[in-house]
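What follows is each chain in one-letter form.
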Amino acid sequence: MEFLSTGIDGLDSMLGGGIPRKHIVAVVGQHGTGKTTLGLHFIHAGLINGERCIILSFDEDEDSIIEDAKNFGMDFESYSDNIEITRLEAAEVKESLRKIKSDLPEVIKGMNASRVLVDTISIFEALFDEGERYKALASIRNVLKVAEVTAIITSEADKANPMFSKYGLLEYICDGAISMRYIRGSELEEVRLGLEVVKMRRVKHSRKPKPYEITENGIVVFEKEEIF
Ligand SMILES: Nc1ncnc2c1ncn2[C@@H]1O[C@H](COP(=O)(O)OP(=O)(O)OP(=O)(O)O)[C@@H](O)[C@H]1O
Ligand SMILES: [Mg+2]
């Protein structure tokens, strides 16, 4: 199996090498746990490897994504020929879905992209009612699968169960799921960040949550350490 580096050494180790090529992986986490940052590492790792990459954002526009990356020492501007950053207006659901279904396959093909980041799907999911949500997610999955890209889709966590995505559907349509969350030993202890590989089809991966930090160089996973 061929693995793609996530750009985060400790996470690659936890995954047994990286994300399997053509896998679609959900990254689920509470606000501020570093979901976007993890996605940016994945895209940056592709760029420095000479790959073409696409970011679809429901949150931020192109300039602020480039700024986010720069804040962590990742230079996206030098790779402007190899990266396409698109902001989808979540308010226009039908238009967003149409763009994903008809434009995205063409963009991927046209630039021969191998990596895609979708950040964050929760905003898109919120626009559908229960019956339509799964279908909308499945159609995004199908586009990515047919295009044979490797993808990360970020999602907000469920408030009661931070391991699960907000609507509890994303992890089923994805090949893998990674949980990023706040872990508090006791009221008096400082909150720590923990990362766990919840699922990765066809891969023998670790299941233990491992501590990580967000630094000026982005995410560092301490895969050999324990959280407490
Ligand atoms: N230069 C830096 N050094 C250390 N930590 C930083 C730095 N810049 C940002 N952070 C941390 O990273 C967090 C933001 O990470 P990120 O935006 O990836 O999280 P997120 O899970 O995508 O959040 P959201 O749910 O708001 O989209 C900040 O809340 C802050 O704690
Ligand atoms: Mg984010």
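In this report, we go over the structure that sits alongside the text. Owing to the predicted nature of the structure, the values given are computational and were not obtained by experimental measurement.

1. Some remarks on the sheet that holds strand β11 (residues 218–221)
No. 1: Strand order across the open sheet formed by nine strands is β5-β4-β6-β7-β3-β8-β9-β10-β11, with mixed pairing between neighbours. Both outer strands of the open sheet, β5 (83–87) and β11, are each paired with one neighbouring strand and no more. Direction aside, the axes of adjacent strands within the sheet are offset by 20° on average.
No. 2: Inspection of the sheet shows strand β10 (residues 210–215) paired to β11 by four bridges, in the antiparallel sense. Following the sheet pairing, Ile214 is matched in β11 by Ile219.
No. 3: Where helix α2 (residues 35–48) meets the sheet, it contacts β3 (24–29), β4 (53–57), β5, β6 (115–119), β7 (150–156), β8 (176–183), β10 and β11, and its direction lies at approximately 165° from that of β6.

2. Overview of the site of ligand 1
No. 1: As a structural note, the neighbourhood of ligand 1 is formed by Gly29, His31, Gly32, Thr33, Gly34, Lys35, Thr36, Thr37, Asn71, Ile214, Thr215 and Glu216.
No. 2: For the shell around ligand 1, the elements supplying multiple residues, two or more each, are α2 and β10.
No. 3: Residue composition of the shell around ligand 1, grouped by class: one nonpolar, nine polar and two charged.

3. A short note on the environment of Gly34
No. 1: Within the fold, Gly34 resides in the loop between β3 and α2.
No. 2: Remark: the alpha-carbon pair of Gly34 and Ile54, spanning 20 residues in sequence, is separated by 19 Å.
No. 3: For Gly34, the residues in contact, after removing those within four places along its chain, are Gly29, Met180, Ile214 and Ile219.

4. A closer look at the nonpolar core
No. 1: By size, the foremost hydrophobic cluster in this structure holds 61 residues, and its most contacted members are Val25, Ala26, Val27, Val116, Ala151 and Ile153.
No. 2: Contacts of Val25, omitting those with residues within four sequence positions, involve Ile19, Ile152, Cys174, Asp175, Gly176, Ala177 and Ile178.

5. Details of helix α6 (residues 130–146)
No. 1: In this model α6 runs 25 Å from its N-terminal to its C-terminal C-alpha over 17 residues, within 8% of the 24 Å that 1.5 Å per residue would give.
No. 2: Among all positions in α6, only Ala136, Leu137, Ile140 and Leu144 are buried. For α6, the buried positions fall inside an angular range of 95° around the axis, keeping them on one side. In α6, the exposed positions angled more than 90 degrees off the buried face are occupied by Gly131, Lys135 and Val146.

6. Concerning the packing of helix α4 (residues 93–111) against α6
No. 1: Taken N-terminus to C-terminus, the directions of α4 and α6 make an angle of 5°; their axes are 10 Å apart at the nearest point. As far as their axial angle goes, α6 and α4 are roughly parallel. Here Leu97, Ile100, Lys101, Leu104 and Pro105 of α4 come into contact with α6, specifically with Ala136, Ser139, Ile140, Val143 and Val146.
No. 2: The residue makeup of the contact of α4 with α6, split by class, is eight nonpolar, one polar and one charged.

Procedures and definitions
- Residues numbered from 1 in each chain as written.
- Chains lettered and ligands numbered in written order.
- Predicted model: local features only at pLDDT ≥ 70, side-chain atom pairs only at ≥ 80, totals over all residues.
- Pairing = 2+ DSSP bridges.
- Helix = DSSP H or I, 4+ residues; strand = E, 2+ residues; numbered from the N terminus.
- Axes fitted to C-alpha atoms, helices over the stretch in contact; angles between N-to-C directions.
- Contact = placed C-beta atoms within 7 Å.
- Near = placed C-beta within 6 Å.
- Nonpolar A, V, L, I, M, F, W, Y, C, P; charged D, E, K, R; others polar.
- Core = buried A, V, L, I, M, F, W, Y, C linked by C-beta atoms within 7 Å.
- Buried ≥ 20, exposed ≤ 12 C-beta atoms within 10 Å, placed from the backbone.
- Expected span 1.5 Å × (residues − 1).
- Arc of directions from axis to C-beta.
- Parallel < 35°, antiparallel > 145°, perpendicular 65-115°, else oblique.

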